[in-house]
Amino acid sequence: MPRQRPGRVRTRNTNRRAPLLLSTMAPQDFNVRPGETKSIACPDCRTWRRIMGDTVLKIREHVSDEQGATRTACPGSDQLVVVNIDVRRWQVEQDRLLRDAMPQDNRRAAQQFYKPLPAAAAPVARIKGEVTLETTRQSYLAHRKGCTRCVGGQHCTDGGILGRRYVRALQEEPARREASEQQERQERRTERKRTAPSVRAAQWAKYGGLTVETTNNRCTPRLPETRSEFSGPQLPLSPYDEAAHDQRQAELGKRYAARTSA
C-alpha cells in the first residue's frame, strides 16, 4: 500500500480575507475529526472542500462555476481557517446529533455493556467435595479413560493428583469404616436409653397417672366468667373487639337463616 503524503499548503496566496473562525460556523458545516481528512462547507459556494495544511489551514482552491471552457474560481478559495473550538467537545456533540437523527430501531447505547463470559469449569482434580473411596475411584478411572498422556504408569498433572487421592482414600478406608461403625453403635445406645422402660415409666409418672386421669374425667359445673385450672394465664375471656365480633356473628346468623330458608 503506497504511503499517503500529508496534505500541505503549496502556496502562500490567500484571498486576503480575515481568517474564518470555526466557532462562527454551524457545527455540521465542517469536519475536524482526528484521523480523518479535514473538510469544510465553503461559505461562498456551499460545497464541501478539503482543508489543506498542518499548521496554517486554508480551504483548497476550487471552482465555483464552470460553463464550457470558462472556469471561475470561487472567492472562498485559499481562505484561512482557524480552529478555535474544543475538538473533543465538538466530536461528542456531533456523535449525539447523529445518534438522535438515527431511527430508533438502529440506535445503540453510547456505552456498551457486555455480559461477562462464565468462568471455565474447574478440573476434576481441583473440585473439593465429599471424598469417599468410590468417588475417588470413579474420578481416577474417568480421567485415565479420557486422557491421552496417562499411559501405563505415567500420569499427567491432574492424573497424578487423582491417583494420589485414590491411594489416600484406600489407606483411610479402614479408619473411616471403624469411625462409622462406632457412630452407629453410639446412636443405637442412645436410642435404647431413650426408650428404656424406666424412662417411659418416669414419663408416665410425670405426665400421666391416676390423679391426672381422674381430673380429666371429672365433669363439674363451672360458673360463668371462670377459668379452668388447665388453661394458661393468657387465655382471653372476651373478644378484643366486641363491635367487630357482634357484627361478624350477625352476618353468620343471616347466612345461616338464608341457607335454612332455601
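Residues numbered from 1 in each chain as written. Predicted model: local features only at pLDDT ≥ 70, side-chain atom pairs only at ≥ 80, totals over all residues. Heavy atoms only, no water.

Visitor: What is the right way to read the overall build of the chain from this model?
Guide: Helices and strands together make up the secondary structure of the chain, namely 6 helices and 8 strands. Ordered by position in the sequence, the α and β elements of the chain form the string β-β-β-β-β-β-β-β-α-α-α-α-α-α. Evaluated residue by residue, the chain yields a buried proportion of 17% over its 262 residues. For the chain, the proportion of contacts with a sequence separation of at least 24, taken over those separated by at least 6, is 44%. Summing over all exposed atoms, the chain offers an accessible surface of approximately 22000 Å²; the carbon and sulfur share of this is 52%. (Helix = DSSP H or I, 4+ residues; strand = E, 2+ residues; numbered from the N terminus. Buried < 20%, exposed > 50% of the residue type's maximum accessible area, 1.4 Å probe, protein only. Contact = heavy atoms within 4.5 Å. Areas by Shrake-Rupley, 256 points an atom, 1.4 Å probe, with all protein chains shown as cover.)

Visitor: Would you mind going over helix α2 (residues 133–146) with me for this structure?
Guide: Helical periodicity: at 3.6 residues per turn, an α-helix aligns residues three or four positions apart in one direction. With 14 residues, α2 extends 20 Å from end C-alpha to end C-alpha; this agrees with the ideal 20 Å at 1.5 Å per step. Restricting attention to buried positions, one finds in α2 the residues Thr136, Tyr140 and His143. Angularly, the buried residues of α2 cover 65 degrees about the axis, an arc narrow enough to put them on a single face. In α2, the exposed positions that point more than 90 degrees away from the buried face belong to Ala142, Lys145 and Gly146. Buried positions along α2 lie against α3 (157–194). (Expected span 1.5 Å × (residues − 1). Arc of directions from axis to C-beta.)

Visitor: Help me understand the sheet that holds strand β2 (residues 30–31), please; the structure alone is not making it clear to me.
Guide: Strand pairing in a sheet relies on backbone hydrogen bonds, with the paired strands running either antiparallel or parallel. Reading across from one edge, β1-β8-β5-β4-β3-β2 is the order of the 6 strands in this open sheet, with mixed pairing throughout. Because the sheet does not close on itself, it has two edges, and the strands there are β1 (20–21) and β2. (Pairing = 2+ DSSP bridges.)

Visitor: Just to check I follow, could you spell out a positive patch on the surface for this structure?
Guide: On the surface, a cluster of positive charge is contributed by Arg188, Arg189, Arg192 and Lys193. By secondary structure assignment, the location of Arg189 is in helix α3. (Patch = residues over 30% accessible without salt bridge, like charges linked within 9 Å, V, L, I, M, F, W, Y side chains within 5 Å. Salt bridge = Lys/Arg side-chain N within 4 Å of Asp/Glu carboxyl O. Lys, Arg positive; Asp, Glu negative; His and termini not counted. Charge placed at Lys NZ, Arg CZ, Asp CG, Glu CD.)

Visitor: Whenever I open this one, the side chain of Asn31 confuses me. Can you help?
Guide: Topologically, Asn31 is positioned in strand β2. Reaching out from Asn31, the side chain makes a polar contact with the backbone nitrogen of Arg33 at a distance of 3.2 Å. Setting aside chain neighbours within four positions, we find Asn31 in contact with Glu36, Thr37, Lys38, Ser39, Trp48 and Trp90. (Polar contact = N/O pair within 3.5 Å; in protein donor to acceptor, adjacent residues only side chain to side chain.)

Visitor: Can you walk me through the environment of Glu225 in this structure?
Guide: Following the sequence through the fold, Glu225 ends up in the loop between α5 (210–217) and α6 (242–261). With 13 residues separating them along the chain, Glu225 and Ser238 place their C-alpha atoms 9.3 Å apart.

Visitor: So what exactly am I meant to see when it comes to the pattern of salt bridges here?
Guide: Opposite charge on two side chains lets them pair, provided their charged atoms get close. Evaluated as defined, the whole model comprises 10 salt bridges. The partner of Arg46 in a salt bridge is Asp29, with the nearest N and O atoms 3.3 Å apart. Remark: Asp29 occurs in the loop between β1 and β2 and Arg46 occurs in the loop between β3 (39–41) and β4 (48–52); sequence separation between them is 17 residues. Here Asp29 falls in the buried class, since its relative accessible area comes to 15%.

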